Amino acid sequence: MFFFNIFCVSAQPYTSQCIDNATQLVNILVNGVPFSNATISGFDCSTGSFDSPNPGDGLGIESGLMMATDGLQGNGSGPGSIEPDLTQQLQIIGASATNVNNVIVLEFDFEPNSDQIAFEYVFASYEYPGYTCSNFNDIFGFFLSGPGINGPFQDEAVNIALVPDPNNPGQYTDTPVIINTINSGVASGGNSGPCDEIDPNWQDYSVFFNQDYSQNYINFPGYTLPLKAMMSGLIPGETYHIKLAIADVLDGSLNSAVFIQTNCFLNGCTDINATNYDELAIIDDGLCTYNGDNSLIEHFSGGFYIPDGSGVTYSSNIDIIAYNPTT
């Protein structure tokens, strides 16, 4: 294990640490949740931790777990080319290419102490912007199985890494988060067919996308806003299984990564319920409002940050709700 910078062109860059031990990786995610049978499959330095001293820049996530299909150093690769659930997810949505490469999988059993679990995460890729709506449709998923769950994946698991419904805050579509679902809303080669076939509303999901082709904050030209993957209706004390998996699709080039916030396994850390990301109210032990002027807001001890009008990044346990700017 060692430290090195993976992000560039930032006054206070993120740092990462390679960790190949499954138990150590799960400990990054969970906080007080009993877990067991943790396993990791990938390649050297394909997983680890990341941290930022300035969460207002870049991803909008302070620290957590990273899984990268080219490794945390940016020059790795792996032999993994089989992951049944990722392949099946691609088949379910009718993706034209379903073969995967550079597969990384972290999985473990756990006993929830509430009826809900959630992850807060960011999906990033080099496939943006040149291969939007192409066959190079890199994918990841959070596959949850256990009592009361009846899904289409192995052990009747469901994939909880789904695109939020931009028109119904707090609700989710049935569409997984992949290159061809959350992106800039523009097909790179002019042919939107591969995106249209997955979800005809894919262009609406661009509100969840950060376009940074100059790589001012991290060395990925595109990445999602912090998103939440969640599941309710769990039975406290029962045993559930979660599999976190990511892979390149069709080839092993132009790799992708997923960043998952630390200690968010119980509630996902924050609540995003805003439909207009330029007009927000922040409710905690006081009130602060943002009127869409693209200014930077710092609020409360954890901080709330809006770097520009194209998206929202944030930290701390602050509930965010849409508000009427005239009030």
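As shown above, the structure is provided for reference.
So, how was this worked out
- Residues numbered from 1 in each chain as written.
- Predicted model: local features only at pLDDT ≥ 70, side-chain atom pairs only at ≥ 80, totals over all residues.
- Heavy atoms only, no water.
- Helix = DSSP H or I, 4+ residues; strand = E, 2+ residues; numbered from the N terminus.
- Buried < 20%, exposed > 50% of the residue type's maximum accessible area, 1.4 Å probe, protein only.
- Contact = heavy atoms within 4.5 Å.
- Areas by Shrake-Rupley, 256 points an atom, 1.4 Å probe, with all protein chains shown as cover.
- Disulfide = S-S within 2.5 Å.
- Salt bridge = Lys/Arg side-chain N within 4 Å of Asp/Glu carboxyl O.
- Phe/Tyr/Trp six-rings, centres within 6.5 Å; stacked < 30°, edge-to-face > 60°.
- Lys NZ or Arg CZ within 6 Å of the ring centre and 35° of its normal.
- Core = buried A, V, L, I, M, F, W, Y, C linked by side-chain atoms within 4.5 Å.

> I'd love a proper account of the overall build of the protein chain, names of residues and values included.
Regarding its fold elements, the protein chain presents three helices and 22 strands. Residues classed as buried in the protein chain amount to 53% of the 327 residues present. Considering only contacts within the protein chain whose residues lie at least 6 apart along the sequence, 70% involve residues at least 24 apart. Roughly 12,800 Å² of accessible area belongs to the protein chain as shown, and the carbon and sulfur atoms make up 44% of that amount.

> Before we move on, could you go through the environment of Gly237 and cite the residues and values that matter?
By secondary structure assignment, the location of Gly237 is in the loop between strand S14 (227–232) and strand S15 (240–249). Judged by relative accessible area, which is 47%, Gly237 ranks as partly exposed. In the structure, Gly237 is positioned 204 residues away from Val33 in sequence and 10.0 Å away in space, judged by C-alpha atoms. Leaving out residues up to four positions away in the same chain, Gly237 has contacts with Glu111 and Pro112.

> Just give me the short version of the state of the cysteines, but keep the residues and values in it.
Using the criterion set out here, one finds two disulfides in the structure. The disulfide partner of Cys18 is Cys45, and the S-S distance across this bridge is 1.7 Å. For the disulfide bridge between Cys18 and Cys45, the dihedral angle about the S-S bond is near -45°, and by the sign convention the bridge is left-handed. Residue Cys18 is located in strand S2 (residues 15–18), and its partner Cys45 is located in the loop between strand S3 (35–41) and strand S4 (47–51); the two are separated by 27 residues in the primary sequence. With relative accessibility at 4%, the residue Cys18 sits in the buried group. When its relative accessible area of 8% is taken as the criterion, Cys45 is described as buried. The residue that forms a disulfide with Cys133 is Cys195, at a sulfur-sulfur distance of 2.1 Å. Of note, the bridge from Cys133 to Cys195 carries an S-S torsion of about -110° and is left-handed in sense. Here Cys195 lies in helix H3 (residues 193–198) and Cys133 lies in the loop between strand S7 (116–125) and strand S8 (139–145), a separation of 62 residues in the sequence. Considered together, Cys133 and Cys195 belong to a single accessibility category, that of buried residues.

> Which residues make up the pattern of salt bridges, and what are the values?
Evaluation of the coordinates by the stated rule reveals two salt bridges. A salt bridge links Glu83 to Lys243; the nearest nitrogen and oxygen atoms lie 2.8 Å apart. Here the residue Glu83 occupies a position in the loop between strand S5 (63–68) and helix H2 (84–92), and Lys243 occupies one in strand S15, the gap between them amounting to 160 residues. When salt bridges with common partners are traced through the structure, they connect Glu83, Asp85 and Lys243 into a single cluster.

> Any details on the packing of aromatic side chains? Residues and values, ideally.
Going through the model one piece at a time under the given rule, you end up with 14 aromatic pairs. Aromatic pair Phe35 and Phe108: ring centres 6.0 Å apart, planes at 70°, arrangement edge-to-face. On the criterion of sequence distance, the pair formed by Phe35 in strand S3 and Phe108 in strand S6 (residues 100–110) is long-range, its members being 73 residues apart. Grouped by ring-pair contacts, the aromatic residues Phe119, Tyr121, Phe123, Phe140 and Phe142 constitute a single cluster. Residue placement shows Lys243 over the ring face of Phe143; its charged tip is 5.7 Å from the ring centre.

> Give me the lowdown on unusual backbone geometry, citing residues and values where you can.
Omega for the peptide link from Tyr128 to Pro129 comes to -5°, which places this bond in the cis form. Mapped onto the fold, Pro129 is located in the loop between S7 and S8. We note that Asp155 has phi near 60°; this positive angle belongs to a residue other than glycine. One can find Asp155 in the loop between S8 and strand S9 (158–159). The class of Asp155 is exposed, set by a relative accessible area of 65%. Even without a glycine there, the phi angle at Glu156 is positive, about 60°. We classify Glu156 as partly exposed; its relative accessible area is 43%.

> Account for the nonpolar core, with residues named and values stated.
Grouped together as the largest cluster of nonpolar side chains are 49 residues, with contacts concentrated most on Phe110, Phe119, Tyr121, Phe142 and Leu244. Mapped by element, the contributors of at least two residues to this core are helix H1 (22–29), S5, S6, S7, S8, S14, S15 and strand S16 (256–261). Of the residues forming this core, the biggest block, five residues, is contributed by H1. With 17 residues, the next largest nonpolar core counts Ala97, Val105, Ile178 and Ile198 among its residues.

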